[in-house]
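Spelled out from the first residue to the last, the chains are:
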Amino acid sequence: QKADKLFILGDLAMAGPEPSATIDFIKNDLMQNNDVTIIQGNTDEMIGDWDFEQVNNLKRTNPIMANALVYAQEILSEDQKTFLRELPPV
């Protein structure tokens, strides 16, 4: 709607219906044509810093989030994971 600036406050790709398409849209459309500030959400950090221990811990406390994290790892490209990993935390 012709906003002067966009702020995206993280959690871009986990538990949504189309994580890969969402990241591509942000990178290739929003960031190219708009003044955009993005910060890294906790789920973006989880995807970027993926490890099996993290998933096993999540399975005990939040199995739905653990499954979403596994799905994100399967569907996202390495370039997309790097994009999430390199987002600024603040």
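Refer to the structure above for everything that follows.
Residues numbered from 1 in each chain as written. Predicted model: local features only at pLDDT ≥ 70, side-chain atom pairs only at ≥ 80, totals over all residues. Heavy atoms only, no water.

Caption draft 1: Just the pattern of salt bridges, in detail. Tallied over the entire structure, the rule returns three salt bridges. Between Lys27 and Asp79 there is a salt bridge; the shortest N-O distance is 2.6 Å. Of this pair, Lys27 sits in helix H1 (residues 19-33) while Asp79 sits in helix H5 (residues 78-85), and the two are 52 residues apart along the sequence. (Salt bridge = Lys/Arg side-chain N within 4 Å of Asp/Glu carboxyl O. Helix = DSSP H or I, 4+ residues; strand = E, 2+ residues; numbered from the N terminus.)

Caption draft 2: Region of the structure containing the packing of aromatic side chains. Using the criterion set out here, one finds one aromatic pair in the structure. Both rings, one in Trp50 and one in Phe52, keep their centres 5.4 Å apart while their planes meet at 65 degrees; by these two values the pair is edge-to-face. The side chain of Lys5 reaches across the aromatic face of Phe7, ending 5.4 Å from its centre. (Phe/Tyr/Trp six-rings, centres within 6.5 Å; stacked < 30°, edge-to-face > 60°. Lys NZ or Arg CZ within 6 Å of the ring centre and 35° of its normal.)

Caption draft 3: Expanded view of the environment of Glu86. Along the polypeptide, Glu86 turns up in the segment after H5. Classification of Glu86 as exposed rests on a relative accessible area of 60%. Measuring from C-alpha to C-alpha, the distance between Glu86 and Ile39 comes to 9.6 Å, with 47 residues separating the pair along the chain. (Buried < 20%, exposed > 50% of the residue type's maximum accessible area, 1.4 Å probe, protein only.)

Caption draft 4: Layout of the nonpolar core. Grouped together as the largest cluster of nonpolar side chains are 21 residues, with contacts concentrated most on Leu12, Ile38, Ile47, Phe83 and Leu84. Broken down by element, the residue count for this core peaks at four residues, all from helix H4 (residues 63-75). For Leu12, the contacting residues outside a window of four places in its chain are Thr22, Ile26, Ile38, Asp44, Phe83, Leu84 and Leu87. (Core = buried A, V, L, I, M, F, W, Y, C linked by side-chain atoms within 4.5 Å. Contact = heavy atoms within 4.5 Å.)

In short, geometric facts, not functional conclusions.
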